[in-house]
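Summary of structural features
Read off the chains here:
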Amino acid sequence: MRKFLIHSFLLLTIFSATIILINFISEEDEYSSDYMAAIIDKHERANSIKEPKIILTGGSNVAFGIDSEELQKAFSIPVVNLALHRQLGLSFILKELKYAIKEGDIVFLCIEYFFPGEGEYKLQRHTSDYYKEAELFYSPNKYDDLKLYLEETRLKYIDLFNSENVGAKQGNPDLKDSMNPLVYSRDAFNKYGDVVGHLDKKNPGFLRGRGTVFKYRFWEGISAINEFYAYAREMNVNVFYLFPPYPSSDFSKGYDIISQLRSDLNSHLKVEILNAPEDFVYPDSDFFDTIYHLNKNGRAKRTKKLIELIANSGNVQEQIRSIKSGNHASY
Amino acid sequence: MLFNSIEFAIFLPIVFLLYWFIFNKSIFFQNFLLLVVSYIFYGWWDWRFLSLIIFSSLVDYFIGIKLSKTGNQRRRKLLLTASLLVNLGFLGFFKYFNFFVDSFVEAFTLFGSSFEPTRLSVILPVGISFYTFQTMSYTIDVYKGKLQPTRDIIAFFAFVSFFPQLVAGPIERAKNLLPQFSEKRRFEYDKAVDGLRQILWGLFKKMIIADNCAVVVDEIFFNYAEYSGSTLLMGALFFSFQIYGDFSGYSDIAIGTARLFGFSLMQNFAFPYFSRDMAEFWRRWHISLSTWFRDYLYIPLGGSRGSMWAKIRNIFIIFIVSGFWHGANWTFIVWGGLNALYFLPLSLLNKNRTNLDIVAKGKYLPTIREAFNMGLTFGLTVLAWVFFRAESVTHAFAYMGGMFSDSLLSYPEIVIKNLILLLGAFTLIEWFGREGQYAFANVSLLRPRPLRWFVYFFVIGLLFYFKANQPQPFVYFQF
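If you're wondering where the values come from, they're calculated on a predicted model, not measured in any experiment.

**Some words on a positive patch on the surface**
Residue and element names in this part refer to chain B.
- Taken together, the side chains of Lys-66, Lys-69, Arg-75 and Arg-151 present a region of like positive charge at the surface.
- As for its placement among the helices and strands, Lys-66 is situated in helix α3 (residues 50-69).
- Of the residues examined, Lys-66 reaches a relative accessible area of 43% and is grouped as partly exposed.

Right, here's the structure in full:
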């Protein structure tokens, strides 16, 4: 037994040393161009704006599909687009908002349908790898960290040999093209926090998420948003809810369930809803690579519509006026 | 808990240390630990399933004791029937209820009637087909007087739930495994090292061969209408490797893990793709299940004795039941039927026991005749696997239609050179290791020790490098 334990220990030590060595050799550059690293720039902008601002957030539909610069021009209030990824989960996004909002801000929450509550740990951890404060937005745990550490080491090990593994090669090549590093990269964002890397790219020819079948459930996000809303009001911050963009062909298929969700939101959500689901329904050709990512044309249409919705909302207008007059009263 | 998970990599060393250092005072303590950790292992999926395995174990434990106390044949039959009813009842309820309801409805629809049946929304408990068969073997052997019932309830419960082989076999016979729970276990260095080596090889088969094939197979089977015949053929070939790597990989990990605890489990796969006829294939593929059906179904039915019609009937019964065991879908039944058709001529011509030894024993290469026979047998197996993998019988026939179309000879749309090279290397390793219990066992012969260690690290490196991005659950868990 002693011999077995010594040998096992030796093997384990060599294995662990190899892992540490791989991580040591593959030390990453200080600047990361990973898509999730954009969280640094977004929060840097949010922190740098001292006066009340408009914060846009939600899943990647907001990152890909709104022209914040246009919005800023239209209302002469600074705009920050905090949105990154749907799979970060609603809980993460609301905690991030709690961290980012300041008195007098206006928040537009544009949430994809049946947005997940908790999100993916891997993505959440990624954000805090780049932006330490993001640890406040989820619950880090050492066990999942160990799993991620090993997985990351594996990827670095593959990088060392400068090749792709078989599994990585087996994806749909078209899909891999659309996950273009120029689009899914920190460098693809503009200074407002919008993804603009895809605007001049050709649509890959298909939409991921197509054929999504919604199953009705009372969406747990409603109570989470209401809870956030109570916190925001104490901070004198106003919050407005928006339905996300959706391709017309899929919208008709999911219409019944979306209508049920809308009815639940109307009855239970304490936050004012600015639009109807139909307002952001566009032809499939206005989408880029997923059912929530608008392309250049779709983004322009949606921004125009959003400006119109804001202009027509008495409560938002009142809030904007009070920001401009320096009197940040909550309605 | 999956064998190819971090959870298991933490779980196994902890249990190993507890087993040999803390609970090593008596067999009772070691069995008790094995029982507890086996329930943790199983409950990791869903703790509610534990109630089934506990109930099943209780029933068979008490029926075993009752059987030993009564000589009344009628009463003994009744006890056996009760055990079979409980075990097969669970299996039928959780695995086959919806299948029978759907088939019933379809049959009625054919006659012009239609109705909305009550379907159950129950989850299939992981590994139910495996442990049910294991515990049934105990009761049947006690009934037949081949085995003395145990009165040690902890040993019996640990036998039914022994975590290395609980969810996907090998389906151990009580005669082989149960006595091992009553024997003093001594740690043996060579056995433990061999166990670790077999675990490593099992992980290689599962994580590299099976999981990488699975990605391509899923793509091709799902979008079969868009691919040429040659690509569909490639999909079927890849599936043959996937199912072998997946299932035999699991068995290797199970056998290796059991060895770490001083237990010997039966060999479950003996290089089936090197078989020279279908009879040999079935002696080498999923051995624990084939022999289970042989002993508890085929032979009681009369086996190969009796009239030709009885022989034919028995062959079809055993293969179709074996197919149905795999899942509640007509595809498995057709797969079983097809294998019966393959096997039938050999049996009727009394040629089903021609090839008992491994092919080209003691030689590097097979003869041309052997190579041809192996190729033919493999080809037939690949065709049958299409039914096994397809979602429905219609899907399987459409897939076959696409495969045997004009485009069969065209250049395939999907050619993954890395994967093909891997499969080639894997086949070579299997070929050169075919006389051992598992292909990688030969590594133990390498001298000096650093060379062996280099090979181990090389395989670990391959696991890291070629591991598929999306780990797949073991295919056989669904059975």
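**Some details on the interface of chain A and chain B**
- Residue-level contacts link 28 residues of chain A with 32 residues of chain B.
- Buried surface at the junction of chain A and chain B, summed over both partners, amounts to about 2,800 Å²; 73% is from carbon and sulfur atoms.
- A salt bridge links Glu7(B) to Lys147(A); the shortest N-O distance between them is 3.4 Å.
- Inspection of the chain A/chain B interface yields three residue pairs in polar contact (both at pLDDT 80 or more).
- If you list the elements that add at least two residues to the side of chain A that touches chain B, you get α1 (2-25), α7 (142-160) and α8 (166-169) of chain A.
- For the side of chain A that touches chain B, the per-class residue count stands at 16 nonpolar, six polar and six charged.

**A few points about the pattern of salt bridges**
Residues and elements named next belong to chain A.
- Taken as a whole and assessed by the stated rule, the structure comprises 30 salt bridges over all chains.
- The closest approach of N and O atoms between Lys-132 and Glu-135, which form a salt bridge, is 3.0 Å.
- Owing to a relative accessible area of 32%, Glu-135 belongs among the partly exposed residues under this scheme.

**Details of the pairing of strand β4 (residues 238-242) of chain A**
- For β4(A), a buried count of five out of five residues is recorded, marking the element as mostly surrounded by other parts of the structure.
- Across the two faces of β4(A) the burial is the same, with Asn238(A), Phe240(A) and Leu242(A) and Val239(A) and Tyr241(A) all buried.

**Some remarks on the nonpolar core**
Residue and element names in this part refer to chain B.
- Ranked by size, the top nonpolar core spans 164 residues in total, and within it Phe-163 and Phe-261 carry the most contacts.
- Per element, the largest residue contribution to this core is 16 residues, and it comes from helix α8 (residues 189-222).
- For this core, the two domains that each supply at least three residues are domain 1 (6-185) and domain 2 (190-276 + 355-478).
- Sequence-distant contacts of Phe-261, that is, excluding residues within four places in its chain, are made with Leu-12, Val-15, Phe-16, Tyr-19, Trp-20, Leu-34, Phe-163 and Arg-185.

**Thoughts on the domain arrangement of chain B**
Residue and element names in this part refer to chain B.
- The domains assigned to chain B are domain 1 (6-185) and domain 2 (190-276 + 355-478).
- Each partner contributes to the interface: domain 1 provides 27 residues, whereas domain 2 provides 18 residues.
- Buried area between domain 1 and domain 2, summed over both chains or domains, comes out near 1,900 Å², and the portion from carbon and sulfur atoms is 73%.
- Together, Pro-164, Ala-168 and Pro-170 form the three largest contributors to the area buried by domain 1 at its contact with domain 2, with a combined 26%.
- Linking domain 1 with domain 2 are zero salt bridges.
- Our enumeration of links across domain 1 and domain 2 arrives at four residue pairs in polar contact (both at pLDDT 80 or more).

**So, helix α14 (residues 368-389) of chain B**
- Its 22 residues give α14(B) an end-to-end C-alpha distance of 31 Å, which sits within 8% of 32 Å, the value for a rise of 1.5 Å per residue.
- For α14(B), the full list of buried residues reads Glu370(B), Met374(B), Thr377(B), Phe378(B), Thr381(B), Val382(B), Ala384(B), Trp385(B), Val386(B), Phe387(B), Phe388(B) and Arg389(B).

**Side note on a nonpolar patch on the surface**
Residues and elements named next belong to chain B.
- A contiguous nonpolar patch, built from Phe-28, Phe-29, Phe-32, Val-36, Ile-40 and Trp-44 and spanning about 570 Å² of accessible area, is present on the exposed surface.
- Here Phe-29 shows up in helix α2 (residues 27-43).
- By relative accessible area, which is 38% here, Phe-29 ends up partly exposed.

**Concerning the sheet that holds strand β2 (residues 79-81) of chain A**
Residue and element names in this part refer to chain A.
- Strand order in the open sheet formed by five strands is β2-β1-β3-β4-β6, with parallel pairing between adjacent strands. The open sheet is flanked by β2 and β6 (272-273), the only strands paired with a single partner.
- Where strand β3 (residues 106-110) lies against β4, five bridges are found, and the strand directions are parallel. Note that in β4 the partner of Val-107 across the bridge is Val-239.

**Side note on α3(B)**
- The terminal C-alpha atoms of α3(B), which comprises 20 residues, lie 29 Å apart, in line with the 28 Å expected from a rise of 1.5 Å per residue.
- Within α3(B), the full set of buried residues consists of Leu50(B), Leu52(B), Ile53(B), Ser56(B), Ser57(B), Val59(B), Asp60(B), Tyr61(B), Ile63(B), Gly64(B), Ile65(B) and Leu67(B).

**Description of the packing of helix α11 (residues 287-301) of chain B against helix α12 (residues 308-326) of chain B**
Residue and element names in this part refer to chain B.
- Axis separation between α11 and α12 bottoms out at 10 Å; the angle between their running directions is 140°. Relative to α12, the element α11 lies oblique. In the packing of α11 onto α12, the handedness of the crossing is right-handed. Residues Leu-289, Phe-293, Arg-294, Leu-297, Tyr-298 and Leu-301 of α11 pack against Arg-313, Asn-314, Ile-315, Ile-317, Ile-318, Val-321, Ser-322, Trp-325 and His-326 of α12.
- A breakdown of the residues in the contact of α11 with α12 according to their chemical character gives 10 nonpolar, three polar and two charged.

Scoring rules and cut-offs
- Residues numbered from 1 in each chain as written.
- Chains lettered and ligands numbered in written order.
- Predicted model: local features only at pLDDT ≥ 70, side-chain atom pairs only at ≥ 80, totals over all residues.
- Heavy atoms only, no water.
- Patch = residues over 30% accessible without salt bridge, like charges linked within 9 Å, V, L, I, M, F, W, Y side chains within 5 Å.
- Areas by Shrake-Rupley, 256 points an atom, 1.4 Å probe, with all protein chains shown as cover.
- Salt bridge = Lys/Arg side-chain N within 4 Å of Asp/Glu carboxyl O.
- Lys, Arg positive; Asp, Glu negative; His and termini not counted.
- Charge placed at Lys NZ, Arg CZ, Asp CG, Glu CD.
- Helix = DSSP H or I, 4+ residues; strand = E, 2+ residues; numbered from the N terminus.
- Buried < 20%, exposed > 50% of the residue type's maximum accessible area, 1.4 Å probe, protein only.
- Contact = heavy atoms within 4.5 Å.
- Buried area = accessible area lost by both parts, 1.4 Å probe.
- Polar contact = N/O pair within 3.5 Å; in protein donor to acceptor, adjacent residues only side chain to side chain.
- Nonpolar A, V, L, I, M, F, W, Y, C, P; charged D, E, K, R; others polar.
- Core = buried A, V, L, I, M, F, W, Y, C linked by side-chain atoms within 4.5 Å.
- Domains from an automatic or database assignment.
- Expected span 1.5 Å × (residues − 1).
- Pairing = 2+ DSSP bridges.
- Axes fitted to C-alpha atoms, helices over the stretch in contact; angles between N-to-C directions.
- Parallel < 35°, antiparallel > 145°, perpendicular 65-115°, else oblique.
- Left-handed = near helix turned anticlockwise from the far one by under 90°.

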